[in-house]
Amino acid sequence: MPEAIQPVRIEVTVNGHKYQRDIEPRMLLVEFIREELGLTGTHIGCDTSYCGACTILLNGKPIKSCTALAVQADGCELMTVEGLERDDGLHPLQTAFSEHHGLQCGYCTPGMLMSSYNLLEENPNPSRDEICKGIAGNVCRCTGYQNIVKAVDAAAKALSYEITTGKPTTATEEA
Ligand code: FES
Ligand code: FES
């Protein structure tokens, strides 16, 4: 009879909250996020590192969580799409995706938002080409990408308005 797999204890901080769980060493990070933590905003599309639906930030860098093991995240800080929302409402990226029709079925949207968030952290004023490169690892089968690019551009302007004025805004005010 094969030996039972021993669980491994890991501790992670996700969207500012600490979690400790005993898990099988073979558990994928995306499964951990969805099934152990119940954060189902992170989607599984291809499970082969192609589509980007499972994109999250690990220690501030985007990764495809379908191709990492949960044990590799032990001691790390994660941010999932649930972490975008602010105390006073949606993040300007979320508002912009809604207002500029940057989604249809929405399956790719969590990954798109996380890649776009990372892009704007690294480059607050991206050109159209830079936006396209920033989301190149995320596949959308519905939108044709035009409105996604428009939404990211509008969010960049909204965030820049916030930094300049110190006032929160929505993407609409600056779009
Ligand atoms: S589900 Fe991870 S890249 Fe597609
Ligand atoms: S909105 Fe459907 S896959 Fe992108």
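Fair warning: this is a prediction, and the values are worked out from it, not measured in the lab.

**Digging into the overall build of the chain**
Right, so step 1: From N to C terminus, the chain includes 6 helices and 5 strands.
Right, so step 2: If you list the helices and strands of the chain from N to C, you get β-β-α-β-β-β-α-α-α-α-α.
Right, so step 3: Here the chain has a C-alpha radius of gyration of 17 Å; the compact-globule value for 175 residues is 16 Å, and the two agree.
Right, so step 4: Each principal axis of the C-alpha distribution contributes one length, and for the chain these read about 65 × 35 × 25 Å.
Right, so step 5: The 175 residues of the chain split such that 44% are buried.
Right, so step 6: Of the roughly 9,400 Å² of accessible surface on the chain, 49% is carried by carbon and sulfur atoms.
Right, so step 7: Measuring between centres, the 14 positive side-chain charges of the chain sit 5 Å from its 23 negative side-chain charges.

**Re the pattern of salt bridges**
Right, so step 1: Tallied over the entire structure, the rule returns 6 salt bridges.
Right, so step 2: In this structure, Arg 26 and Glu 24 form a salt bridge, with 2.4 Å as the shortest nitrogen-oxygen distance.
Right, so step 3: The residue Asp 153 makes a salt bridge to Lys 157 at a minimum N-O spacing of 2.9 Å. Here Asp 153 pairs with Lys 157, and both are found in helix α5 (residues 146-165), just 4 residues apart, close to one helical turn.

**Concerning the domain arrangement of the chain**
Right, so step 1: Split into domains, the chain comes out as domain 1 (8-83) and domain 2 (86-165).
Right, so step 2: Between domain 1 and domain 2, the residue contacts involve 18 residues of the former and 14 residues of the latter.
Right, so step 3: Buried surface at the junction of domain 1 and domain 2, both sides included, amounts to about 1,200 Å², of which 60% is carbon and sulfur.
Right, so step 4: Among the residues domain 1 hides against domain 2, the three largest losses belong to His 43, Thr 55 and Val 81. Together they make up 35% of the total.
Right, so step 5: The interface formed by domain 1 and domain 2 contains 1 salt bridge.
Right, so step 6: Lys 61 is the partner of Glu 122 in a salt bridge, and the nearest nitrogen-oxygen pair spans 3.3 Å.
Right, so step 7: Looking at the side of domain 1 that touches domain 2, the elements that each hand over two or more residues are β3 (55-58) and β4 (61-64).
Right, so step 8: The class makeup of the residues in the side of domain 1 that touches domain 2 is 9 nonpolar, 7 polar and 2 charged.

**A short note on the sheet that holds strand β2 (residues 17-23)**
Right, so step 1: On the basis of which strands lie adjacent, the open sheet formed by 5 strands has the order β2-β1-β5-β3-β4 and mixed pairing. With partners counted over all chains shown, the strands left at the sheet margins are β2 and β4, one partner each. Within the sheet, the average angular offset between the axes of one strand and its neighbour, ignoring direction, is 40°.
Right, so step 2: Looking at chain direction, strand β1 (residues 8-14) and strand β5 (residues 77-79) are connected through 2 bridges and run parallel. Its bridge partner being in β5, Val 14 is matched across the sheet by Leu 78.
Right, so step 3: Relative to β2, helix α1 (residues 29-36) is tilted by about 110°, and along the sheet it contacts β1, β2, β3, β4 and β5.

**Topic: the nonpolar core**
Right, so step 1: Formed by 25 residues in total, the largest nonpolar core has its most connected members in Leu 84, Leu 93, Phe 97, Met 112, Leu 120, Ile 148 and Val 152.
Right, so step 2: For this core, the elements supplying multiple residues, two or more each, are α2 (92-99), α3 (109-122) and α5.
Right, so step 3: Ranked by residues supplied to this core, first place goes to α5 with 8 residues.
Right, so step 4: Residue contributions to this core reach at least three from each of two domains, namely domain 1 (8-83) and domain 2 (86-165).

**Some points on unusual backbone geometry**
Right, so step 1: With a phi close to 55°, His 101 is a non-glycine residue in the positive phi region.
Right, so step 2: By secondary structure assignment, the location of His 101 is in the loop between α2 and α3.
Right, so step 3: Even without a glycine there, the phi angle at Tyr 145 is positive, about 75°.
Right, so step 4: Assignment of secondary structure puts Tyr 145 in the loop between α4 (128-134) and α5.

Conventions we followed
Residues numbered from 1 in each chain as written. Chains lettered and ligands numbered in written order. Predicted model: local features only at pLDDT ≥ 70, side-chain atom pairs only at ≥ 80, totals over all residues. Heavy atoms only, no water. Helix = DSSP H or I, 4+ residues; strand = E, 2+ residues; numbered from the N terminus. Rg over C-alpha atoms; globule rule 2.2 N^0.38 Å. Buried < 20%, exposed > 50% of the residue type's maximum accessible area, 1.4 Å probe, protein only. Areas by Shrake-Rupley, 256 points an atom, 1.4 Å probe, with all protein chains shown as cover. Lys, Arg positive; Asp, Glu negative; His and termini not counted. Charge placed at Lys NZ, Arg CZ, Asp CG, Glu CD. Salt bridge = Lys/Arg side-chain N within 4 Å of Asp/Glu carboxyl O. Domains from an automatic or database assignment. Contact = heavy atoms within 4.5 Å. Buried area = accessible area lost by both parts, 1.4 Å probe. Nonpolar A, V, L, I, M, F, W, Y, C, P; charged D, E, K, R; others polar. Pairing = 2+ DSSP bridges. Axes fitted to C-alpha atoms, helices over the stretch in contact; angles between N-to-C directions. Core = buried A, V, L, I, M, F, W, Y, C linked by side-chain atoms within 4.5 Å.

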